[in-house]
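Spelled out from the first residue to the last, the chains are:
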Amino acid sequence: VSDKNDTAIYRLDLSSRERVAASREAPLHVAPAIRQALSACRSHRGDRLDLEGIAADAGGLFFLLSENYRAILITEVDDPNGPAPRASVKDVLCVPGRNLTANDGLEGLSAFSGGLLALEEGKGSPTKRLYRCLAPDRHCSALPFPALDGRTPDISFRDPDGTRLLVLNTALGLLEHF
C-alpha cells in the first residue's frame, strides 16, 4: 500500500537482479455499501482511507489497515497474475478507540491463523496499544504491550506459530517482543 494513494494496492516483483523492484498496480474498488460501513469506524479526516499497512492470509485475502477510519478492510484481488488485476473491499472490521489528532492511529498490521494484530501509535508519541482481532467473532481487543519511544510503523511475526513479534521502531531499530 502507499500512504499517499488510496486508490490502489501494489504488487512488487523482486525477481529482477536490478536494485529497484518493479511494481504493479491493482486498482482498489470500495463500493458505496462499504463506504457506509466505514462510517461506523469513526473517520477523523473526511473520506480519505490513509492506508498504512497490508497483510495477507493463506486463503488469498488481503487486509488493508486504514489509519483515518481505524478499520481493517478485508480485500480480494481478482486475477492477480492476469493483465488487469483489481482489488475489491468485501468487508470492514472496525478497531476500537478514537484518533485524537490528524496523524495518530493504526500503523502496523500482521496476519496469523485465525486473526490479525494491529499496532497503534500517537502522533510521534510512544506506541499506545496492540490489538488482536479474531476472525470468527469479528471483534478486536487491546492486549498488554509496553510503551515504546519513537515511531512504530510496522509489525511482523518472527516465527510461524505466532508466538513472537518483530516491531519496527525508529528509536530502537528492530525490537523483538512478545
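Basis of the calculations
- Here the residue numbering is sequential within each chain, running from 1 through the sequence in written order.
- Two thresholds apply to this predicted model, a pLDDT of at least 70 for residue-level local features and 80 or more for giving and counting side-chain atom pairs, whereas whole-chain, interface and lining totals are computed over all residues.
- To obtain the side-chain values, all non-hydrogen atoms of the structure were included, while hydrogens and water were left out.
- A run of H or I in DSSP counts as a helix once it spans at least four residues, and a run of E counts as a strand once it spans at least two, with each numbered from the N terminus.
- Contacts were defined at the residue level, with two residues in contact if any of their heavy atoms lie within 4.5 Å.
- Basic side-chain nitrogens of Lys or Arg form a salt bridge, by our definition, when they fall within 4 Å of a carboxyl oxygen of Asp or Glu.
- Only a pair of cysteine sulfur atoms within 2.5 Å qualifies as a disulfide here.
- Type-normalised accessible area, obtained with a 1.4 Å probe on protein chains alone, sets the label of each residue: buried when under 20%, exposed when over 50%, and partly exposed for intermediate values.

Turning to the environment of Cys140, a few remarks are in order. Positionally, Cys140 belongs in strand S10 (residues 139–143). In the structure, Cys140 is positioned 45 residues away from Val95 in sequence and 5.9 Å away in space, judged by C-alpha atoms. In this view, Cys140 contacts Leu93, Cys94, Val95, Pro96, Arg132 and Cys133; residues no more than four positions away in its chain are not counted.

In this section: the pattern of salt bridges. Within this structure, the stated rule accounts for three salt bridges. The partner of Arg70 in a salt bridge is Glu120, and the shortest N-O contact between them spans 3.0 Å. With a gap of 50 residues between them, Arg70 in the loop between strand S4 (62–66) and strand S5 (71–78) and Glu120 in strand S8 (residues 115–121) connect regions that are remote in the sequence. The shortest N-O distance in the salt bridge between Glu120 and Arg129 comes to 3.1 Å. One network of salt bridges, with partners in common, ties together Arg70, Glu120 and Arg129.

This part covers the state of the cysteines. Note on terminology: disulfide describes a covalent bond linking the sulfur atoms of two cysteines. Taken as a whole and judged by the stated rule, the model has two disulfides. Put simply, Cys133 and Cys140 are joined by a disulfide, and their sulfur atoms are 2.1 Å apart. Classification of the bridge connecting Cys133 and Cys140 rests on its S-S torsion, roughly 110°, and on that basis the disulfide is right-handed. Both residues of the pair, Cys133 and Cys140, belong to the buried class. When the cysteines of the protein chain that form disulfides are numbered from the N-terminus onward, they connect as 1-2, 3-4.

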